[in-house]
Amino acid sequence: MKALKRKYDFFSHIYVEEGVKNHPLTKNILKKKDSHLIYIDHYKDVFCRKGQNIASQKLSPSLIIAKKEGKLIYEGAPVCQSFGNEYFYYTSLIMNCVYDCEYCYLKGMYPSGNIVIFVNIEDIFAQIDNILKLHPVYISVSYDCDLLACESLTGFVEKWCLFASERKDLTVEIRTKSAVDVRGKFKVTDNIIFAFTLSPNTLYAREHNTPSPLSRIKAASFALEEGFNIRLCFDPLIYFEGFKEEYEALSYSVEENIGFKNIKDISLGTFRISADYMKGLRKAEPYSATVQYPFENKGGVYSYPKAKEEYMLKTVKDILLKYIGEDKIYLWESGYE
Ligand code: SF4
C-alpha cells in the first residue's frame, strides 16, 4: 500500500520544437495525445526556465518534443555500475520520468519536472556506429528516464532491439521499473538486457506511480520467457525498519516467479547521489524521510555512513547468495578510505 497517494495528470500541454514538427515520431506522438499544442524554438526555452516548481510539475508534467544535438553519447558516470564493461556509455532519449520516486536524482539534476522526448534516435544510432568502428560498446539507454514505461508513446525500445540485433559488438541495457509485458513486441536478441529494478513494499510506497513489486517481477519473468537477458537491480538500497525481512521476502518472490538461476546478473548498490543534485532533491521532497536522512558527503557524493552501508550491502548480498553465485552479483560501493 502506498502511504501517500499522489495524483498524476500527464501532458495537458505539449511543446514542440519547430524544427521537429514534421519528424515522423513527432507526428505519431501528437496523433496519440489530445493536448494543447505550443510550438517553440528550442526545448531549453521551456525546460531550463528559472524558478520552476519541480514537485508540482512531477504531478502534472508537460511534454516537450525536441531534437537532441551535439554530443549524444556520454561516458558512464562514476556513480553508475559498469558491470565489468571496458567501454561503458549512456545516452538519454528522454529526460525525466513518468514515475515519481521520492529519492530520484533527476529532481536535483534537471531544472524542470517536465518530460522531454528527443525524437531523432537515428542520430544516436549514427554516433554509436561511429564508436563501434573503434571498439565494442556497452550502453545504458534508460538512466535519466524509464524508456520501457514510455514505449506506447515513443516506440524507442522496439528500435533499440532492432538496431542491436544487427550489431554483435553492441550491448544495450534497458533499465525499468515498469511492468510492461514485452512478449511479442520486440525483436529478441542476445545483446539486449532488460534490467528490472526491484523494491520491497516499504520502498515501493516511496516510488510513486510505479507498478507493484510483484508486477515488476512478473514482467521480468515474461521478458525471460521471451528469450531476453534479464538483470535484476536491487539498487538503490534504502534503509527502513524491517529491511532484512522485506529483502528476504522479495528474494523469495523472485525465486518463486523467475528463478535466480535464469538471471544474467544482479546489481546491488546503496543510495548515492552527487552533492550537486542533493540540494534540488531535498527542496523537491521536503517531507520525504528518505531524502532528508543525514547522508554523508564523501568526495562529492552523498551516501550512507560507512557502517550502515556495509550492513545494507552485506545483508542483501547474504540473502542473494542463498540463491545465486557471487560471480553474478555486481556491487556498487562508495570510495571510503
Ligand atoms: S523510475 Fe528511476 S528515473 Fe524514474 S522516477 Fe524512479 S528513480 Fe527516477
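A. Highlighting helix α7 (residues 156–165). Turning to α7, its buried residues are F156, V157, W160, C161, F163 and A164. Buried residues in α7, looked at end-on, bunch into an arc of 170°, giving them a common side. Buried residues along α7 sit in contact with α5 (121–132), α6 (151–154), β10 (170–176) and β11 (192–197).

B. Quick look at the sheet that holds strand β17 (residues 301–303). An order of β15-β17-β16 is seen for the 3 strands of this open sheet, with the pairing classed as antiparallel. Each edge of the open sheet is held by one strand with a lone partner, namely β15 (272–274) and β16 (296–298). Each strand of the sheet is rotated relative to its neighbour by a mean of 30°, with strand direction disregarded. Bridge analysis of β15 against β17 gives 3 bridges, and the strand direction is antiparallel. Directly across from R272, in β17, lies its bridge partner S303. Against the sheet, helix α11 (residues 275–284) contacts β15, β16 and β17, and its axis sits at roughly 100° relative to β15.

C. Geometry of the packing of helix α9 (residues 213–226) against helix α10 (residues 243–257). The N-to-C vectors of α9 and α10 enclose an angle of 35°; their axes lie 10 Å apart at closest approach. α9 and α10 meet at a crossing whose hand is right-handed. Residues P213, L214, I217, K218 and S221 of α9 touch α10, and the partners they reach there are L250, S253, V254 and N257. Its residues assigned to classes, the contact of α9 with α10 comprises 5 nonpolar, 3 polar and 1 charged.

D. Just the site of the ligand, in detail. Close to the ligand lie C97, Y99, D100, C101, C104, L106, D146, K177 and E207. Residue classes in the shell around the ligand are distributed as 5 nonpolar, no polar and 4 charged.

E. Main features of the sheet that holds strand β18 (residues 329–332). The strand order across the open sheet built from 8 strands is β4-β5-β9-β10-β11-β13-β14-β18, with neighbouring strands paired in mixed fashion. What marks the edges here is a single partner per strand, and that holds for β4 (74–75) and β18. Sheet topology places β11 next to strand β13 (residues 229–237); 5 bridges connect them, and they run parallel. By the bridge assignment for β13, I193 is matched with N229. Where helix α13 (residues 306–321) meets the sheet, it contacts β13, β14 (265–270) and β18, and its direction lies at approximately 160° from that of β14.

Conventions adopted
- Residues numbered from 1 in each chain as written.
- Predicted model: local features only at pLDDT ≥ 70, side-chain atom pairs only at ≥ 80, totals over all residues.
- Buried ≥ 20, exposed ≤ 12 C-beta atoms within 10 Å, placed from the backbone.
- Helix = DSSP H or I, 4+ residues; strand = E, 2+ residues; numbered from the N terminus.
- Arc of directions from axis to C-beta.
- Contact = placed C-beta atoms within 7 Å.
- Pairing = 2+ DSSP bridges.
- Axes fitted to C-alpha atoms, helices over the stretch in contact; angles between N-to-C directions.
- Left-handed = near helix turned anticlockwise from the far one by under 90°.
- Nonpolar A, V, L, I, M, F, W, Y, C, P; charged D, E, K, R; others polar.
- Near = placed C-beta within 6 Å.

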